[in-house]
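Geometric and topological summary
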Amino acid sequence: MIIDVKNVSWQRDETTILDQINWQVSEGEHWCLVGLNGSGKTSLLKIISGYTWPTKGEVSVLDNLYGTVDLREVRKSIGWVSTSLMSQLHEHETAFRVILSGREATIGLYTAPTVEDKQQAQELLEMFRCVHLKNRPYGALSQGERQKVLIARALMAKPRLLILDEPCTGLDLLSREQLLAMIEQIAKQPGGPALVYVTHHIEEILPCFTHTLLLKDGKVYQAGENDQVLTTDELSRFFGVSVNIHRSQGRSWISLGEEAIVR
Ligand SMILES: Nc1ncnc2c1ncn2[C@@H]1O[C@H](COP(=O)(O)OP(=O)(O)OP(=O)(O)O)[C@@H](O)[C@H]1O
């Protein structure tokens, strides 16, 4: 089992932020996590990565039951790419060195990379068609290029679980599609990590994602296979507004229902 969250609740200052969450991710599945702002997505991911301890419930990741294992060891198998990570990295470092730093998940490179490390980083650059970015300072990269480099950096540690936290934020249409194509490639790679993809946008849910969890007000609103979850009825109830779902290219495209459009 990749993720096994049982009856997890998290309270802060008498407010229940996560309420009896149950979520199981099995080997071979790739999940999307969808929720409105403040629904508890980041809080749940922090619990899964062992940075926050739940008030109640049981968490097991990659068959490691939290509370019985060294979390630092478990975290080595979990990659997490987020915008907060993006702002922590050193702008003057080259893209190549940023990718190499993923080996030990450090901000900056503190030990000399081995020949194998360099080869792996080069392969990642090639796989994601980013070789031309190799020697550019990270600070000079576009938002889309930075995201690609960050994902390549996370893959350096060969994680078994990779969390992609709203990677398409701030990307134009073409950059978004290029990044999504890269994510699809990771999902299809034999022996690659299980993906958890966080988004506000239904149309970013690629065909390679098998399941979706809808989180609302700290509760699991719905979780299951995409065919069951990404329906007009389910999503209209979830967003609290009438929406239409149109399927094309294996993806679901959402628009507001006629009666919901504010004119
Ligand atoms: N350390 C904390 N102390 C108190 N409240 C917190 C803490 N962390 C998160 N919250 C609150 O919990 C709620 C859920 O926050 P969280 O960041 O998990 O939501 P989110 O779904 O990731 O939102 P977004 O999509 O905006 O990133 C918010 O109301 C937030 O203010």
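Since this is a predicted model, take the numbers as computed values, not measurements.

Take the overall build of the chain next. The secondary structure content of the chain amounts to nine helices and 12 strands. Expected size for 263 residues packed as a compact globule is a radius of gyration near 18 Å; at 19 Å, the chain falls within 12% of this value.

This paragraph deals with the nonpolar core. One finds Leu 33, Ile 99, Val 149, Ala 152, Leu 161, Leu 164 and Val 196 to be the most contacted residues of the largest nonpolar core, which totals 66 residues. Per-element accounting of this core gives the leading share, seven residues, to helix H6 (residues 143-156). Beyond its immediate sequence surroundings of up to four residues, Leu 33 is in contact with Lys 41, Val 196, Val 198, Leu 213 and Leu 215.

A few words now on the site of the ligand. Neighbouring the ligand are the residues Arg 12, Ile 17, Gly 35, Asn 37, Gly 38, Ser 39, Gly 40, Lys 41, Thr 42 and Ser 43. Broken down by element, the residue count for the shell around the ligand peaks at three residues, all from helix H1 (residues 41-48). Broken down by class, the residue content of the shell around the ligand amounts to one nonpolar, seven polar and two charged.

Under the 1.5 Å per step criterion, the end-to-end length of helix H7 (residues 173-188) is 23 Å for 16 residues, consistent within 8% with the ideal 22 Å. Within H7 the residues assigned to the buried category are Leu 179, Leu 180, Met 182, Ile 183 and Ile 186. Buried residues of H7, seen end-on, are gathered within an arc of 160° and therefore sit on one face of the element. Among the exposed residues of H7, those pointing more than 90 degrees away from its buried face are Leu 173, Leu 174, Ala 181 and Lys 188. Buried residues belonging to H7 abut H6, strand S7 (161-165) and strand S8 (194-199).

Let us look at the sheet that holds strand S4 (residues 56-61). Read across the sheet, four strands follow the order S2-S1-S4-S5 without closing on themselves; strand pairing throughout is antiparallel. Only two strands of the sheet have a single partner each, and these edge strands are strand S2 (15-25) and strand S5 (64-65). When S4 meets S5, the two strands line up antiparallel, connected through two bridges. By the bridge assignment for S5, Ser 60 is matched with Leu 65.

With that out of the way, let us pick up the domain arrangement of the chain. For the chain, the domain assignment lists domain 1 (1-77 + 161-236) and domain 2 (84-158). For domain 1 versus domain 2, the separation of C-alpha centres amounts to 24 Å. The partner domain 2 presents nine residues to the 10 residues of domain 1 that form the contact. Ranked by residues supplied to the side of domain 1 that touches domain 2, first place goes to H7 with five residues. Class assignment for the residues of the side of domain 1 that touches domain 2 results in five nonpolar, four polar and one charged.

Right, let's get into the pairing of S7. The buried fraction of S7 is high, at four of five residues. Strand direction decides the pairing type here: strand S6 (residues 78-81) and S7, joined by four bridges, are parallel. Looking across to S7, one finds that Gly 79 is bridged to Leu 162. Note: S7 against S8, five bridges, orientation parallel. If you follow Leu 162 over to S8, its bridge partner there is Leu 195. Taking the sense of rotation as the criterion, the β-α-β connection linking S7, H7 and S8 turns out right-handed.

In terms of residue burial, strand S11 (residues 243-248) counts as a barely covered element, since only zero of its six residues are buried. As paired elements, S11 and strand S12 (residues 251-256) share six bridges and run antiparallel to each other. Considered in S12, the bridge of Val 243 is made with Leu 256. What sits between S11 and S12 in their antiparallel hairpin is a turn of two residues, with Gln 249 showing a positive phi close to 55°.

Turning our eyes to something else, we now look at the sheet that holds strand S3 (residues 31-35). Here we have six strands laid out as an open sheet, ordered S6-S7-S8-S3-S9-S10, and mixed in their pairing. Both outer strands of the open sheet, S6 and strand S10 (219-225), are each paired with one neighbouring strand and no more. With direction set aside, neighbouring strand axes in the sheet form an average angle of 15°. As defined by bridge partners, S3 adjoins strand S9 (residues 211-216) across five bridges and the pair is classed as parallel. Each residue of the ladder has a partner; that of Val 34, found in S9, is Leu 214.

Right, let's get into unusual backbone geometry. Positive phi, close to 50°, is recorded for Arg 129, a residue that is not glycine. With respect to the element layout, Arg 129 can be found in the loop between helix H5 (115-127) and H6. The backbone phi angle of Lys 158 is positive, close to 50°, even though this residue is not glycine. Mapped onto the secondary structure, Lys 158 falls in the loop between H6 and S7. When the 15 C-beta atoms within 10 Å are taken as the criterion, Lys 158 is described as partly exposed.

Quick notes on the rules
Residues numbered from 1 in each chain as written. Predicted model: local features only at pLDDT ≥ 70, side-chain atom pairs only at ≥ 80, totals over all residues. Helix = DSSP H or I, 4+ residues; strand = E, 2+ residues; numbered from the N terminus. Rg over C-alpha atoms; globule rule 2.2 N^0.38 Å. Core = buried A, V, L, I, M, F, W, Y, C linked by C-beta atoms within 7 Å. Buried ≥ 20, exposed ≤ 12 C-beta atoms within 10 Å, placed from the backbone. Contact = placed C-beta atoms within 7 Å. Near = placed C-beta within 6 Å. Nonpolar A, V, L, I, M, F, W, Y, C, P; charged D, E, K, R; others polar. Expected span 1.5 Å × (residues − 1). Arc of directions from axis to C-beta. Pairing = 2+ DSSP bridges. Domains from an automatic or database assignment. Right-handed = clockwise from strand over helix to strand, strands pointing away. Axes fitted to C-alpha atoms, helices over the stretch in contact; angles between N-to-C directions.

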